[in-house]
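So the chains spell out like this:
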Amino acid sequence: MKERYPLFQIMNKNGELLDHAYETEITVDQVKSFYYHMLRIRTYDQKGVALQRQGRIGTYVPFAGQEAAQVGSALALADKDWMFPTYRDHGASLTFGADLDRMLLHWNGRIEGCLPSREKHIMAASIPIATHLPHAAGAAMAETYKGTKNAAIAYFGDGATSEGDFHEGINIASVFKAPVVFFNQNNGFAISLPVNKQMNSQTIAQKAEAYDIPGKRVDGMDIFAVHFAVKEALERARLGEGPTLIEAVTVRFGAHTTADDPSKYRDQEEINRVREEIDPVLRLEKYMKHYNIWDGDWAATITNEIKAEIDEAIQRMESYQKPNAADMFDYVFEKPTWTIEKQKESIISTGRQS
Amino acid sequence: MKERYPLFQIMNKNGELLDHAYETEITVDQVKSFYYHMLRIRTYDQKGVALQRQGRIGTYVPFAGQEAAQVGSALALADKDWMFPTYRDHGASLTFGADLDRMLLHWNGRIEGCLPSREKHIMAASIPIATHLPHAAGAAMAETYKGTKNAAIAYFGDGATSEGDFHEGINIASVFKAPVVFFNQNNGFAISLPVNKQMNSQTIAQKAEAYDIPGKRVDGMDIFAVHFAVKEALERARLGEGPTLIEAVTVRFGAHTTADDPSKYRDQEEINRVREEIDPVLRLEKYMKHYNIWDGDWAATITNEIKAEIDEAIQRMESYQKPNAADMFDYVFEKPTWTIEKQKESIISTGRQS
Amino acid sequence: MVMSKELEKRSGVKTNSLTVIQAINNGLQTMLELDNDILLLGEDIGKNGGVFRATDGLQQKFGDHRVIDTPLSEAGFVGTAVGMALNGLKPVVEIQFLGFIYPALEQIATHVTRTRTRTLGHYHIPMVIRAPYGAGVRSPEIHSDSVEALFTHLPGIKVVCPSNAYDAKGLLIAAVEDPDPVLFLEPMRLYRGQREEVPMNAYRIELGKGKTLQAGEDVTILAWGAMLPIVEAAVEEMKQYQISCDVIDLRTLYPLDKEIIAGSVQKTGRVVIVHEGHETGGVGSEIISIINDTSFLFLKAPIEKVTGFDVPVPLFALENDYLPTKERVSKAIKQVYEF
Amino acid sequence: MVMSKELEKRSGVKTNSLTVIQAINNGLQTMLELDNDILLLGEDIGKNGGVFRATDGLQQKFGDHRVIDTPLSEAGFVGTAVGMALNGLKPVVEIQFLGFIYPALEQIATHVTRTRTRTLGHYHIPMVIRAPYGAGVRSPEIHSDSVEALFTHLPGIKVVCPSNAYDAKGLLIAAVEDPDPVLFLEPMRLYRGQREEVPMNAYRIELGKGKTLQAGEDVTILAWGAMLPIVEAAVEEMKQYQISCDVIDLRTLYPLDKEIIAGSVQKTGRVVIVHEGHETGGVGSEIISIINDTSFLFLKAPIEKVTGFDVPVPLFALENDYLPTKERVSKAIKQVYEF
Ligand SMILES: Cc1ncc(C[n+]2csc(CCOP(=O)(O)OP(=O)(O)O)c2C)c(N)n1
Ligand SMILES: Cc1ncc(C[n+]2csc(CCOP(=O)(O)OP(=O)(O)O)c2C)c(N)n1
Ligand SMILES: [Mg+2]
Ligand SMILES: [Mg+2]
């Protein structure tokens, strides 16, 4: 089956283009933007892990290794498209335009951190695995209903493919030709379970055949491959041709979350060893060097800018107003029921505890 | 995709074998047994519809048109195999060995009608669509755990393929190489929904690719095709090679249930017109005539025998002991909780109402 | 009969004599006409018009982009409706029978009910989930469940249950217009039993409000949906014993109408609650808790519940043994009266 | 500390000082050793030993045919376990967090709980569903739900919830040996808090029986699981006001221990119920209903509930505001005492 779903690559491990057709398609600005966003979310990710270690935030979910998959896909979206991310896709959310401050607050258990962007349609990350795939189908169908050309993208992992909602969401999208891209990041593991115990199939892309929709297996460490595959799928969607399933093959460099110890279930040493070799950010750097568009000064500048941006956001996060217990009561219904009003009063009369 | 999943046939519409290899495989006794069982369940089915019309039973679920699919598959099972039918598969259950009396009681809303056979592993029909596919996987895995060569078969319709449990059940079975056959009867409709609105895929068999298991599309009106396909899948299962998905393409001649009016959503006249042409029982009769194994006396004898058997069973059903309200309380837990005991007493003290 | 032909003349609003199912059909049609953002989704609701004909004729009238036959996929289509709601539409989904809502429970418990909270009000889900419920119509297994209590416990969704045609339309319209999710339970057993004059315009019955069907002094009876005919028969019977009952149709099960409950209990001091859901953990226990909170000092007798039992709803040969009966309700009324 | 080293010497049964999670691990190991028909299934329970280490070391010891890492598929593996149970095995499944049980609800509501009834006892499902539940450990969204009330309402499944290591092992073994399905709720918050001496043999604690933790005269406190440390702190504080409390750990939530509840209420006449599940439709209301049935004439004050609110369990910055606190429990005790 792997032969039917070969890994789509645009550049090889050394950062060299495999297909010269892309030489004209890829602009320098685009490459710089790719690099900038990957660097930005990587910096954020490293800060996230560090803040958790220092006890300054709660459990954090690192995505290192998946930067090309997240940035390449997010930058393929148009402004009015819909993004449905998981708990591991804050890289994609940030790249598409989510608010950095809020994306930090979230890790402090702050509901304010879930507040979606006012400019972009980015849903709060879905925690129950695969439940958001039907949402993406529905949001996309609503666009069709309204007669627009906007599309939706749903992010999900290899483990998510085992849930019923994965299947039901794609089936419905395929029946109604919903303009949606199902974007899978196959990072090899669902917490501890390797993908070969998650499924009997050799690829995730081939699951598209169950719905007679296109399935594509792309190198998730190759940002060009991800980007152009998602772009093509979005174009199909906008043309009314229905959904596409994309499998971006990638690697989760770190733990499942900061509460997880991957050495319990895999050879983490080995991953740490090969990490540099397969790193998607370094691969793009190699490309830039190979094609002579690497600019050390520019890299230093954006590195500093990003650091400053994130450090300031962390400061704002840490000095953010105290959590407000009323928030718990005030957003269940538009108008609180008497039960909720009574409960809210009782807590105010007893005094807040936290 | 249909090209990749051609319809497997052994005999053509006129009852002629398409592949002479089968001439030696198919014995006269076997053919007679196929015919006998199809006739038996058809007689039962016709009685079921008639009894409902006369108000002697509740809603009945007819399966006319699906006799070859049900008999051909059921007769492929070995004695110790497990059968997981739906509400439409009483033909298969009866053929495998379910108790006729109980299969009638069931339509009278009698819980006694669900009591599984003591000789065969036939589960009470599953009503919530697709929920029994994981059960078949689990029962099959238990056989592997015990070190036997027994297998399981799950029956389900085209509509069932849209449910999450279809996907989760097959995925799990494929991962653990469970000895199970997923036997789909694609009768073209889920109540009113035609299969082309149920799914975007051209076939159901192709959904096997999602799990890298064999998928086979067979002519569900050709009892030989069904039988040998299921047999082969069971052999694979017993050899430890895992599950198979079989799509038997068939037609539901009648209404979804006796409470349904198919003329609301399809050209029922047309189906009534083509019915004779595609009838699976008649096709086997043609085969028998073509190969000179048709015996009019024998046919008359079994027709009478079957009629008598079913008439007697109906009599027993109608004179069956009155329903016992205690049954409602006595089989929830092995030992009733105090809540249930209290409730049981209260009903006894108020007196039965029904 | 809330609206009479008399009223029709006076108000100028046309009324028709409709069954419950026709009133629901008319309510859906009324709303589809009023608001283009309203869509219907569900199994067999289009060409077939629904297995109970609740949506009869609506696909012909409004097209298959507004009245959508979905694949057999409750989690899938409820999830799809969540996505539509996020994107500004107002989906009304039909679960063919309440017993088939279970596969959608994850979507309901984690998204339908939580989206407003988890986005601090940025998104909300103005979805209605319609579901026929209850026993007594000789349905197959699982088709007769009455598990409203699972949903009254989930924060973020209202639960409504009409007992007659007039209320059915008025509550349905209020549910569709409510900016938050509503589970709308339809008593199958009353679908075609009686007719009432139903106005043809869009009228609303406020969610969260019960209704006194009969005023009485001695015993409060609290019930909803398909239990009311049974209750009314028992109350009629009680008249011979000079027991007069305050009969309340609660109509909304979350949030319960605390005022109407407390008002009646504080008058009578004696209470019988009737529901067909299982006893343990049923809405009846919640009502007892509300009475404990509001009316402790007024109670003259332990509250009696007449409910379905802690057993799976049996196949139909025993369903009448499972369901509350006039006899059981009468016995309970006498019991609290004589305490 | 139920078993002491002293006891160990006397009884000859070895004991070890274990946390709740270790006692569960030990209980599973004890049963896997005793009965080859017992299998464990769940996500990450094998090599990883479970996200909380409840199954640590068990796959190494018993093999991956007995301790099975399943695909990410709650409906699928609960359904698979149903099939195994039909075929004579005794599956113990782990739901990683109670908030991820929702996708399995259809399997539970239509098969796990109904198989004995729907086959007239021919088949039964001796399955245990283990699930960590509750807030207070700074988990992400949906990871902190406490929805036991959904399951106490479903006929055909028992619901158990230990509050300490000794009970955890004893109840778990009783649950595994029970011929019917049991939902076994594990209070995450108490997983590693305290140690107790736990016997290394197979001992059982009867399901359906509560336990009096402290005897008192003035107020009955009913609670379970993670609420007990909070209750005990409040009760301690009440001593300064000379209020003495009867503290009962209910341990089983279906069927509730009617005798222990009625016995205590009839002694004190005053009741506070503490649980972290949502108030409306929570198990607290069911307890009030039982008290109404059994002890109406003994009540001296309205029963007070201290519960989680009718809101989705908030993200962790507000989880302590959601949870019952010592202050809220103390206030309720004073309230019923002073009524
Ligand atoms: C319904 C449900 N079950 C279990 C979990 C717990 N859980 C969180 S992440 C995870 C693994 C997901 O794996 P995958 O889909 O590959 O995504 P990844 O974490 O690798 O990005 C599990 C089991 C959950 N969040 N939701
Ligand atoms: C979970 C669930 N949803 C809805 C139903 C109602 N229902 C009963 S049969 C049916 C159609 C099933 O179609 P298919 O799977 O093709 O089987 P067929 O009836 O054609 O044999 C539906 C929707 C159900 N039984 N279970
Ligand atoms: Mg993964
Ligand atoms: Mg069908």
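The structure presented is a predicted model; accordingly, all values stated were derived computationally and were not measured.

> Explanation requested: the interface of chain A and chain D in the structure shown.
Interface size, as often reported, equals the accessible area lost upon joining of the parts. With 46 residues of chain A at the interface, the matching set in chain D holds 37 residues. Approximately 3,200 Å² of surface area, both sides summed, lies buried where chain A meets chain D, with 60% of it carried by carbon and sulfur atoms. On the surface where chain A and chain D come into contact, there are two salt bridges. Among the salt bridges present, the one from K342(A) reaches E279(D), with a minimum N-O distance of 3.0 Å. Joining chain A to chain D, the criterion identifies seven residue pairs in polar contact (both at pLDDT 80 or more).

> Even after reading the chapter, I still don't get the coordination of the magnesium ion (ligand 3), so can you show me in this structure?
Perfect tetrahedral coordination of a metal by four donors corresponds to 109.5 degrees between them, and perfect octahedral coordination by six donors corresponds to 90 or 180 degrees. Residues and elements named next belong to chain A. Only D158 (OD), N187 (OD1) and F189 (O) from the protein coordinate the magnesium ion (ligand 3), and they sit 2.1 Å from it. Counting the intervening residues between successive donors of the magnesium ion (ligand 3) yields the motif D-x28-N-x1-F. Here D158 is found in the loop between β3 (152–157) and α7 (164–175), whereas its partner F189 is found in strand β5 (residues 189–190), with 31 residues between them in sequence. The class of D158 is buried, set by a relative accessible area of 1%. The buried category is assigned to F189, whose relative accessible area is 17%.

> Can you help me understand the packing of aromatic side chains in this one?
A ring pair, where both rings are aromatic, is described by two values, the distance of the centres and the angle of the planes. Residues and elements named next belong to chain B. On inspection of all chains with the given rule, the structure shows 42 aromatic pairs over all chains. Directly above the aromatic system of W298 lies the positively charged group of K32, at a separation of 5.1 Å from the ring centroid. Looking at K216, its charged tip hangs above the ring of F8, at a distance of 4.2 Å from the centre.

> Just to check I follow, could you spell out the site of ligand 2 for this structure?
Taken together, 21 residues sit near ligand 2, with Y87(B), R88(B), D158(B), G159(B) and E74(C) positioned nearest. Each of chains B, C and D places residues next to ligand 2. Within the side chain of D158(B), one N or O atom sits 2.8 Å away from an oxygen atom of ligand 2. Contact between ligand 2 and G159(B): an oxygen atom at 2.8 Å from a main-chain N or O atom of the residue. Surface burial for ligand 2 is 96%, taken as the share of its 580 Å² of free accessible area covered by protein chains. Of the residues belonging to the shell around ligand 2, the class tally is 10 nonpolar, five polar and six charged.

> Looking at this structure, I do not really get helix α9 (residues 223–238) of chain B. What am I missing?
A turn of α-helix holds 3.6 residues, and therefore any two residues three or four places apart point the same way. Residue and element names in this part refer to chain B. Look at α9: 22 Å from first C-alpha to last across 16 residues, which is about the 22 Å you get at 1.5 Å a residue. For α9, every residue scored as buried is listed here: I223, F224, A225, V226, H227, F228, A229, V230, A233, L234 and A237. Backbone geometry just after α9 places G240 at a positive phi near 85°.

Definitions and limits used
- Residues numbered from 1 in each chain as written.
- Chains lettered and ligands numbered in written order.
- Predicted model: local features only at pLDDT ≥ 70, side-chain atom pairs only at ≥ 80, totals over all residues.
- Heavy atoms only, no water.
- Contact = heavy atoms within 4.5 Å.
- Buried area = accessible area lost by both parts, 1.4 Å probe.
- Salt bridge = Lys/Arg side-chain N within 4 Å of Asp/Glu carboxyl O.
- Polar contact = N/O pair within 3.5 Å; in protein donor to acceptor, adjacent residues only side chain to side chain.
- Donors = N, O, S within 2.8 Å, 3.2 Å for Na, K, Ca; no water.
- Helix = DSSP H or I, 4+ residues; strand = E, 2+ residues; numbered from the N terminus.
- Buried < 20%, exposed > 50% of the residue type's maximum accessible area, 1.4 Å probe, protein only.
- Phe/Tyr/Trp six-rings, centres within 6.5 Å; stacked < 30°, edge-to-face > 60°.
- Lys NZ or Arg CZ within 6 Å of the ring centre and 35° of its normal.
- Near = heavy atom within 4 Å.
- Areas by Shrake-Rupley, 256 points an atom, 1.4 Å probe, with all protein chains shown as cover.
- Nonpolar A, V, L, I, M, F, W, Y, C, P; charged D, E, K, R; others polar.
- Expected span 1.5 Å × (residues − 1).

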